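Analysis of the macromolecular model
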Amino acid sequence: MVTTIKVSLPDGSAREFPAGATVFEVAEAIGPRLARATVAGLMDGRLVDLRTPITGDVELRIITEKDPEGAEVIRHSAEHVLADAVKRLWPGTPIDAGRQDHSEKYQYDFRFPRPFRPEDFERIEEEMRRILGEDLAFERTEADREEVKRVMSERGEDIKLKRLEDIPEGEAITLYSHGPFLDLCRGPHVQRTGQIGAIRLLEASGAYFKGDERNEMLQRIYGTAFATKKELDAYFARLEELRRRDHRRLGRELDFFSFHPEAPASPFFHPRGTVVYNALLDLMREKYRAYGYEEVITPQIFDVELWKRSGHYDNYREDMFFADSFDEVEERSSSVKPMNCPSHCLIFGSGAHSYRDLPRRIADFGRLHRYERSGVVTGLTRVRTFAQDDAHIFCTPDQIEPEITALFDFIFEIYALFGFEDVKVYLATMPEKAMGDVAVWKHAESVLARVLEGREDVNFTMNPGEGAFYGPKIDFDVHDALGRAWQLATIQLDFQMPERFDLKYVDSDGSEKRPVMIHRAILGSLERFFGVMLEHFGGDLPPWLAPEQARVLPITDAVNDYAEQVAGELRARGLRAEVDRRSEKLGYKIREGETMKVPYLLVVGQREAESGTVALRLRHRRDEGVQPLETVVDRIERAVSTRSLEL
RNA sequence: GCUGGCGUAGCUCAAUGGUAGAGCAGCUGAUUUGUAAUCAGCAGGUUGCGGGUUCGAUUCCCAUCGCCAGCUCCA
């Protein structure tokens, strides 16, 4: 039995304590101020409750109210305060459980006879503040299953009893209380309710018990909490910034796209938005030439048998559009394509292939339609009609690794153009609804894992059970300017589709072999990427993407002709330029140009007209001064052709 | 699809059981302007669509469509 333990601290020092000393006792030993501020511990990299006894040698960091990890603990504690407040206001309300969001939100579910309303929020917040004012101590107790069952039954917490059943036998069960409130909870929690400095309830919604739509619907309350009022205010400022950058708003303001009830969840790209969309397509087409892809054009409407063969009909027919004529409604026969892969299989299958011809990389920007359920569509991020920068690579088993390696390079090259530096990679494995046999799946998964492990520039995380129904996949999450994660690229390995479509190639020994199919997209859905990119840039698109790259602003009508000449010069170099000919003051034209986020504003007056110059103004910056027209055109042309992020 | 909320002029919003009002945008005119809004005038709405209650509905009720938030889902 160990009697003393060694606790190593972040400053490199180590201290000895009797075995069983708690995190809080370590903090106390370091100093009283630290002890007061302590909300949790980070023990060997794991966030633990400050009441946790330390049983062996560990590395420990004390987490205080100021640490980001501390904020999580504060919010988790606020969940209990919320539940307590609701129970104080409506005694007997059965509680489910609280949970942390990925963002700075927490939630708590209740069985409540009606939805919570804004006026409830005021009362609940008031009650919560009272509880914070009472500065009640959180207490942690380990209990055995029977004890917990008895206590929760007495309290009428039948939902908690169901939760208790989900805790595996043998796992420690902990209860946390503050005042009379008691919850089954893993923790960690702060010392006292008073350490939760600022709270705010955000919204209410219905939510299925355990997230399963077959279960009863509970009423959920969302809230947030911070150590200080200042941090809470900063949170709301961030929300405001998100609203300002919302792509739906920017899309309207910049005249990029609109939506109409005549085609729900389907964007109408206006001329300006279409220029941007096509700039993305141009980028991919250019890179396809470099990376050896071949583009194809395939039909929109197919005999439904195709989807039965591919397996999509069985798995996704609820989400497909059908295109039957009136006398065919008894039997669905025509279907609008929800994806391109079967088309590409048909193309590949239409000819004989030698191993020498592989890999074949077939790209397709075909328009896809999916009947997304009404509640899931939103802006450009989830739509019913879209195109992907889709491609399918048909290759030999030996070619999988080099192909995927090349794809990583391709993906990172594209993302760099948008300034997406922080990329997370996930390996998603066999789902429940899977096609094909387990051995093939295991093999495919191991191939992907091997490639991932071989890449020094990639750290990946497993995503068990999240693969496509025909194969495992690698997903790429990028982080935008506001730190939000978006899943964009995907690489999917598929041994099923080639089987179903009986695809073959002749190998070097003359025998027929089955090719492997790699599904891949880099931008993902063009529509979704458009939305993500707009929010990432806050509408300030880099010159190569801007629909109007330069705008010439004549100061008086007298120089309109010179302004046209300048615009003509820009257009002759392949740039997108307009002239603001209206009889308005310069300030007005500048304001309009800035509002429309035009990267380059070229001001011309009498002086410039006489000297063949322009006064350059860069987006959101000051006047750059008068320069020769040629210099400015060169500068813009260079920024555009190099797809620079800078002006 | 589920829970809740919302739908008034192109946009942002106001108003009322007695058939709607502002700012911006738009149009017209004047102004010829040097780095983020010149002035004046005009025009603009079957209050999402359909029913019901009522002497009368944009307002109240029902249904429907769409949008928003969340849940679930996303080949």
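Definitions and limits used
Residues numbered from 1 in each chain as written. Chains lettered and ligands numbered in written order. Predicted model: local features only at pLDDT ≥ 70, side-chain atom pairs only at ≥ 80, totals over all residues. Heavy atoms only, no water. Helix = DSSP H or I, 4+ residues; strand = E, 2+ residues; numbered from the N terminus. Buried < 20%, exposed > 50% of the residue type's maximum accessible area, 1.4 Å probe, protein only. Contact = heavy atoms within 4.5 Å. Areas by Shrake-Rupley, 256 points an atom, 1.4 Å probe, with all protein chains shown as cover. Lys, Arg positive; Asp, Glu negative; His and termini not counted. Charge placed at Lys NZ, Arg CZ, Asp CG, Glu CD. pLDDT = per-residue confidence, 0-100. Pairing = 2+ DSSP bridges. Axes fitted to C-alpha atoms, helices over the stretch in contact; angles between N-to-C directions. Domains from an automatic or database assignment. Near = heavy atom within 4 Å. Polar contact = N/O pair within 3.5 Å; in protein donor to acceptor, adjacent residues only side chain to side chain. Nonpolar A, V, L, I, M, F, W, Y, C, P; charged D, E, K, R; others polar. Phe/Tyr/Trp six-rings, centres within 6.5 Å; stacked < 30°, edge-to-face > 60°. Lys NZ or Arg CZ within 6 Å of the ring centre and 35° of its normal.

In terms of helices and strands, chain A carries 20 helices and 32 strands. The buried share of chain A, reckoned over its 647 residues, is 51%. In chain A, 69% of the contacts between residues at least 6 apart in sequence involve partners at least 24 apart. Put simply, chain A shows about 30,400 Å² of open surface, and 49% of that area lies on carbon and sulfur atoms. In chain A, 90 side chains carry a positive charge and 114 a negative one; their mean positions are 3 Å apart.

Looking now at the confidence of the model for chain A. Should pLDDT be low for a region, the predicted coordinates there are not to be read in detail. Looking at chain A as a whole, the pLDDT averages 90, with 98% of positions reaching at least 70. For this predicted complex, the interface confidence reaches an ipTM of 0.95, while the overall pTM sits at 0.87.

This part is about the sheet that holds strand β28 (residues 550-554). With respect to topology, 5 strands assemble into an open sheet ordered β29-β28-β30-β31-β32, the strand pairing being mixed. Edge positions in the open sheet fall to β29 (577-579) and β32 (623-628), since each of these has one partner strand only. Strand-to-strand, the axes of this sheet are offset by a mean angle of 25 degrees, without reference to chain direction. As defined by bridge partners, β28 adjoins β29 across 3 bridges and the pair is classed as parallel. Within β29, the position partnered with Val552 by the bridge is Val579. Sitting on the sheet, helix α18 (residues 586-595) touches β28, β30 (600-604) and β31 (613-618), and the angle it makes with β28 is about 170 degrees.

Right, let's talk about the environment of Val377 for a bit. Within the fold, Val377 resides in the loop between β19 (367-369) and β20 (385-395). Along the sequence, Val377 and Pro264 sit 113 residues apart, while their C-alpha atoms lie 9.0 Å from each other. Excluding residues that lie within four positions of it along the chain, Val377 makes contacts with Ala265, Glu372, Arg382 and Arg384.

Moving on: the domain arrangement of chain A. One can read the domain layout of chain A as domain 1 (4-64), domain 2 (69-239), domain 3 (258-537) and domain 4 (550-641). In this structure, domain 2 and domain 4 have C-alpha centres spaced 58 Å apart.

Around RNA strand B, 55 residues are found, and the nearest of them are Met339, Ser374, Asp557, Arg591 and Glu608. Take Gln606: an N or O atom from its main chain is 3.3 Å from a base oxygen of RNA strand B. Of all the secondary structure elements, the ones that give two or more residues to the surface near RNA strand B are β11 (198-208), β12 (217-226), α8 (247-253), α11 (312-316), α18, α19 (606-611) and β31. In terms of residues, the surface near RNA strand B owes the most to one element, α18, which gives 6 residues. When its residues are assigned to classes, the surface near RNA strand B shows 19 nonpolar, 15 polar and 21 charged.

Reading across from one edge, β8-β9-β10 is the order of the 3 strands in this open sheet, with antiparallel pairing throughout. The two strands at the open ends of the sheet, each matched to only one other strand, are β8 (138-143) and β10 (181-184). Taking each pair of neighbouring strands and ignoring which way they run, the sheet shows an average axis angle of 25 degrees. Bridge count for strand β9 (residues 173-178) against β10 is 4 bridges, and the pairing is antiparallel. Of the residues in β10, the one forming a bridge with Tyr176 is Asp183. Against the sheet, helix α3 (residues 68-89) contacts β8, β9 and β10, and its axis sits at roughly 125 degrees relative to β10. This element, helix α5 (residues 145-154), spans β8, β9 and β10 of the sheet and lies at about 135 degrees to β10.

Okay, the packing of aromatic side chains next. Across all of its chains, the model carries 32 aromatic pairs by this definition. Aromatic side chains Phe257 and Phe530 sit 6.0 Å apart centroid to centroid with 85 degrees between the ring planes, which places their arrangement in the edge-to-face category. Placement of Phe257 in strand β13 (residues 257-258) and of Phe530 in helix α16 (residues 526-537) is noted, with a sequence separation of 273 residues between them. Phe530 carries the same exposure label as Phe257, and that label is buried. Members of the aromatic cluster, connected to one another through ring pairs, are Phe256, Phe257, Phe259, Phe269, Tyr277 and Phe530. Between Arg75 and the ring centre of Phe226, over which it is positioned, the NZ or CZ distance is 5.1 Å. Stacked on the ring of Phe209, the Lys or Arg Lys162 has its end atom at 5.6 Å from the ring centre.

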